[in-house]
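# Inside the fold
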Amino acid sequence: MLTVDYDRFGLRAEDRLLDLGCGFGRHTYEALVRGADVVSCDMSLAELESIGNTAPLLIDDGLFDAELSHTLVQGDGTALPFADDSFDKVIASEVLEHVVDDDAAFSELLRVLKPGGVLAVTVPAWLPEKICWKISSDYHAPAAVGGHVRIYTEKEVRQKLRAAGFNPTVSHRTHALHSPYWWLRCAVGVNNEIEDNFSVRIYHKLLEWDIVKAPWLTRTAERILNPVLGKSLVVYADVPVNAEVSDTAETPAAGEELLVHHSSPTPEVVRAT
């Protein structure tokens, strides 16, 4: 289930893409299928290992070329372990709402993008997120355990992008059918297992069916509802060709562990010194 629209994003074969906050790899896999070289970056080692285990299976299925460069990096979005101007494209999907110092993260995103590069940033949309917070305090959890620390408006996202040096362009909202699902989860107990509640279980099966089958009825309904109820806001932004970046360290901090996996039979683990 993609949040970023790759056609609007303009990803091309042989682009170098950073998927920041990659999670279990939904945007990573699509970028590889489209022929990009990808760096998947996340704080969670377990999620990176999951991608490392899954990617070779997708290669075996012929979904993307084993010759593409695919690297997994455990890293912090406020101090990215990459050189300036490293990427043609960057995706930061559903990650910035977790970051206390999001201004630092926006600055780092600009630093690692090449002049003329494109960023796609996605965050929970204001209205659906506000309702979730009102219904359940457990939904956004304490920041100390990785919870949401803020609710963005589109105006605020655009202001932060401009302040960092980006040129925000188009935007859209998506996943409208997921908003009522999360309201229901919040109402019955967001930390409960899906199977514990009949309504949640049935709605979850509906979403799975919609993702797999993409029937005309639900796809049309979501397109109509997205502008109002879309669960995620997506904003695209360009890096001006004359962009200036701050003098930021280009290598990981001493002792920071990186998991580096290339799309080859033997993954490699290195530790920065």
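Residues numbered from 1 in each chain as written. Predicted model: local features only at pLDDT ≥ 70, side-chain atom pairs only at ≥ 80, totals over all residues. Heavy atoms only, no water.

Within the fold, Glu97 resides in the loop between strand 4 (87–93) and helix 4 (102–112). If near-sequence neighbours (up to four positions away) are discounted, Glu97 is found in contact with Thr122, Val123, Pro124, Gly147, His148, Val149, Arg150 and Tyr152. (Helix = DSSP H or I, 4+ residues; strand = E, 2+ residues; numbered from the N terminus. Contact = heavy atoms within 4.5 Å.)

Quick look at the side chain of Lys160 now. When you line up the elements, Lys160 lands in helix 7 (residues 154–164). If near-sequence neighbours (up to four positions away) are discounted, Lys160 is found in contact with Asp102, Asp103, Phe106 and Tyr152.

Its location among the elements puts Thr28 in helix 2 (residues 26–33). Sequence spacing of Thr28 and Ser40 is twelve residues, and the spatial spacing of their C-alpha atoms is 6.6 Å. For Thr28, the contacting residues outside a window of four places in its chain are Asp19, Cys22, Val38, Ser40 and His70. Polar contacts involving the side chain of Thr28 include one to the side chain of Ser40, which spans 2.8 Å. (Polar contact = N/O pair within 3.5 Å; in protein donor to acceptor, adjacent residues only side chain to side chain.)

Taken over all residues, the pLDDT of the chain has a mean of 89, while the share at 70 or more is 88%. Low pLDDT, under 50, characterises residues 246–257; the predicted model gives this stretch 27 contacts beyond four residues in sequence or across chains. Segment residues 264–273 is flagged for pLDDT under 50; beyond a separation of four residues in sequence, or across chains, it makes 20 contacts in the model. (pLDDT = per-residue confidence, 0-100.)

As summarised here, the arrangement of the seven strands in space is 3-2-1-4-5-7-6, forming an open sheet in which the pairing is mixed. For this open sheet the edge positions go to strand 3 (70–74) and strand 6 (167–174), each flanked by a neighbour on one side alone. If you compare each strand with its neighbour and ignore which way they point, the axes differ by 15° on average. Where strand 5 (residues 113–124) lies against strand 7 (residues 232–238), seven bridges are found, and the strand directions are antiparallel. Residue pairing in the sheet places Val123 in a bridge with Leu233 of strand 7. (Pairing = 2+ DSSP bridges. Axes fitted to C-alpha atoms, helices over the stretch in contact; angles between N-to-C directions.)

Before going further, it helps to examine the nonpolar core. Residues Leu18, Phe82, Leu161 and Phe166 are the most contacted members of the largest nonpolar core, which totals 32 residues. Breaking this core down by element, the ones donating at least two residues are strand 1 (16–20), strand 2 (37–42), strand 4, helix 4, strand 5, helix 7 and strand 7. It is helix 4 that contributes the most residues to this core, five residues altogether. The residues contacting Leu18, other than those within four sequence positions of it, are Val39, Cys41, Leu80, Phe82, Phe87, Lys89, Val90, Ile91 and Val112. Counting 24 residues, the second largest nonpolar core, distinct from the first, contains Leu17, Ala55, Phe64 and Ala120. (Core = buried A, V, L, I, M, F, W, Y, C linked by side-chain atoms within 4.5 Å. Buried < 20%, exposed > 50% of the residue type's maximum accessible area, 1.4 Å probe, protein only.)

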